[in-house]
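Topology and contacts: notes
The chain contents come next:
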Amino acid sequence: MRFRVVIGLSNNLSEELTRSIKALSEPELVSILRDAHQPVFRAHQLVKWLYGKHAASYDDMTDLPQTLRTFLEETHPLLPSRLIERQIAADNTRKYLIELADGVRVESVGIPASDRLTVCFSTQAGCAMGCVFCATGNGGFQRNLLPGEMLDQLQIVAEDYGCRVSNAVGMGQGEPFANYDATLGALRLMNSADGLHIGARHITVSTCGIIPMINRFADEPEQFTLAISLHAAIQSTRDQIMPGVRNYPLKALRESLLSYTKKTNRRPTLEYALIAGVNDSDEHLAALIAFCENMLVHVNLISLNSIADSSFKDAGKRRAQLFERTILRAGIEASIRVSRGGDISGACGQLAQEQRHN
Ligand code: SAH
Ligand code: SF4
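Residues numbered from 1 in each chain as written. Chains lettered and ligands numbered in written order. Predicted model: local features only at pLDDT ≥ 70, side-chain atom pairs only at ≥ 80, totals over all residues. Heavy atoms only, no water.

**Details of the side chain of Arg94**
Note that Arg94 resides in strand 2 (residues 94-99). One polar contact links Arg94 to Asn92, side chain to side chain, over a distance of 3.0 Å. A distance of 2.9 Å separates polar atoms of two side chains, one belonging to Arg94 and the other to Asp160. Residues contacting Arg94, with those up to four places away along its chain left out, are Arg86, Gln87, Ile88, Ser108, Val109, Gly110, Asp160, Tyr161 and Ile344. (Helix = DSSP H or I, 4+ residues; strand = E, 2+ residues; numbered from the N terminus. Polar contact = N/O pair within 3.5 Å; in protein donor to acceptor, adjacent residues only side chain to side chain. Contact = heavy atoms within 4.5 Å.)

Here it is as structure tokens:
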């Protein structure tokens, strides 16, 4: 059954989605059961069914009383997400197109290693930030995802590989810090012993640099990992390629990161995709080093995925190696991201974009 998206409601959410059980964080799940006069252990059972076992319906939750299942069905429908398309790369990296209950589609990626399964999940359908090199940014914003819709992606990927997810990265479509509360709710359910039980340090969230939310993130008690999409340390270049964060200038971003590292003692990653003729000059390299000076960071140099109808080109391996060498020599941690799933790669958000245009 499809639900119509009612444009105009907050975040383009249909009425059904607003009531969805997947809209709730773990404390909210506890509180609806408390309000329904249920003992605390019922909340643990419910979270386990929803996120530990990925139940498809309340009927599956056989150890919950029938009256409670009926109550939940009526008040908080359980709306499933489903797998639409999957691509498998030669190295067994897999890219998924997942349809949410209202027909909106998002993308996730599974990246297996001998002892790990990392899932890259989306936090929004589309993105409003408009980064010019990003397929998702080029497609515009559809809606925010619910916490449970973020977990659905991890569960669908885990079921496909037949193993548990060990690492989660919020680097799919969307800007997690433009959907902060739902994203935090999701990270906590991923981390929860009743949920997916992934260690907090193995859960990473990546932001284009929404400073007030970085400051909020610094105060969260869990040791989640932070990544920042920097892509330029010269203001005019960043303004041009990441127009959505013009209001959060580099100077303030640096201060916010300094305060984050001081508070948390954790090392954020700075993501830098090298784009030929745009952010790969010696001047950009010097600005990047100056930005990182005296800061606890790891610079991750990424090769640019080419996207349809775009003139942006990857700067190439030699330039990436020169950047890496020079940054390391300045005493700053750096590495070139190993590209996985080359033959299916496509840029972030590309599969969903192609589907929308078909
Ligand atoms: N909105 C968040 C997270 C999703 S994007 C953010 O921007 O951080 C995940 C990562 O992919 C970001 O570092 C983003 O800058 C990068 N990215 C986007 N388009 C890309 C492309 N064409 N090639 C390489 N990396 C890209
Ligand atoms: Fe949005 Fe991140 Fe893409 Fe920028 S890079 S448009 S913030 S998804």
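**Side note on the site of ligand 1**
Among the 18 residues in the neighbourhood of ligand 1, the closest are listed as Phe133, Gly174, Ser206, Ser229 and His231. At 3.1 Å from a nitrogen atom of ligand 1 is found a side-chain nitrogen or oxygen belonging to Glu175. Here Glu271 contributes a side-chain N or O atom positioned 3.0 Å from an oxygen atom of ligand 1. For ligand 1, the protein covers 94% of the area, taking 530 Å² as the surface of the free molecule. (Near = heavy atom within 4 Å. Areas by Shrake-Rupley, 256 points an atom, 1.4 Å probe, with all protein chains shown as cover.)

**Thoughts on the site of ligand 2**
Inspection of the region around ligand 2 gives Cys127, Met129, Gly130, Cys131, Cys134, Gly137, Gly174, Glu175 and Cys208 as its neighbouring residues. Its residues placed into classes, the shell around ligand 2 shows five nonpolar, three polar and one charged. (Nonpolar A, V, L, I, M, F, W, Y, C, P; charged D, E, K, R; others polar.)

**Focus on the pairing of strand 11 (residues 298-303)**
In regular strands, side chains alternate between the two faces of the sheet. The element strand 11 is largely enclosed, with a buried count of five among its six residues. Of the pairings in the sheet, the one linking strand 10 (residues 269-274) to strand 11 comprises six bridges and is parallel in character. Opposite Leu270, over in strand 11, you have Val299 as the bridge partner. Handedness of the strand 10-helix 11 (residues 282-292)-strand 11 crossover: right-handed. Pairing between strand 11 and strand 12 (residues 333-336): four bridges, direction parallel. Residue pairing across strands places Asn300 opposite Ser335, the latter belonging to strand 12. In this view, the connection linking strand 11 to its parallel neighbour strand 12 by way of helix 12 (residues 317-329) has right-handed handedness. (Buried < 20%, exposed > 50% of the residue type's maximum accessible area, 1.4 Å probe, protein only. Pairing = 2+ DSSP bridges. Right-handed = clockwise from strand over helix to strand, strands pointing away.)

**Side note on unusual backbone geometry**
The backbone of His231 sits at a positive phi, close to 60°, despite the residue not being glycine. Take His231: it is sitting in the loop between strand 9 (225-229) and helix 9 (235-241). Looking at His231, the relative accessible area reads 5%, which means it is buried. For Asn265, which is not glycine, the phi dihedral falls at a positive 60°. Locating Asn265 in the fold gives a position in the loop between helix 10 (250-264) and strand 10.

**Remarks on helix 4 (residues 66-75)**
Burial in helix 4 covers these residues: Leu68, Arg69 and Leu72. One side of helix 4 carries all its buried residues, which in axial view fall inside an arc of 100°. Away from its buried face by more than 90 degrees, helix 4 exposes Thr67 and Glu74. Its buried side turned inward, helix 4 meets helix 2 (26-35) and helix 3 (40-52). (Arc of directions from axis to C-beta.)

**Re the pattern of salt bridges**
Counted under the stated rule, the structure contains 18 salt bridges. Lys48 is paired through a salt bridge with Asp194; the nearest N and O atoms lie 3.8 Å apart. Here the residue Lys48 occupies a position in helix 3, and Asp194 occupies one in the loop between helix 7 (180-191) and strand 8 (203-207), the gap between them amounting to 146 residues. The partly exposed category is assigned to Lys48, whose relative accessible area is 39%. Judged by relative accessible area, which is 10%, Asp194 ranks as buried. (Salt bridge = Lys/Arg side-chain N within 4 Å of Asp/Glu carboxyl O.)

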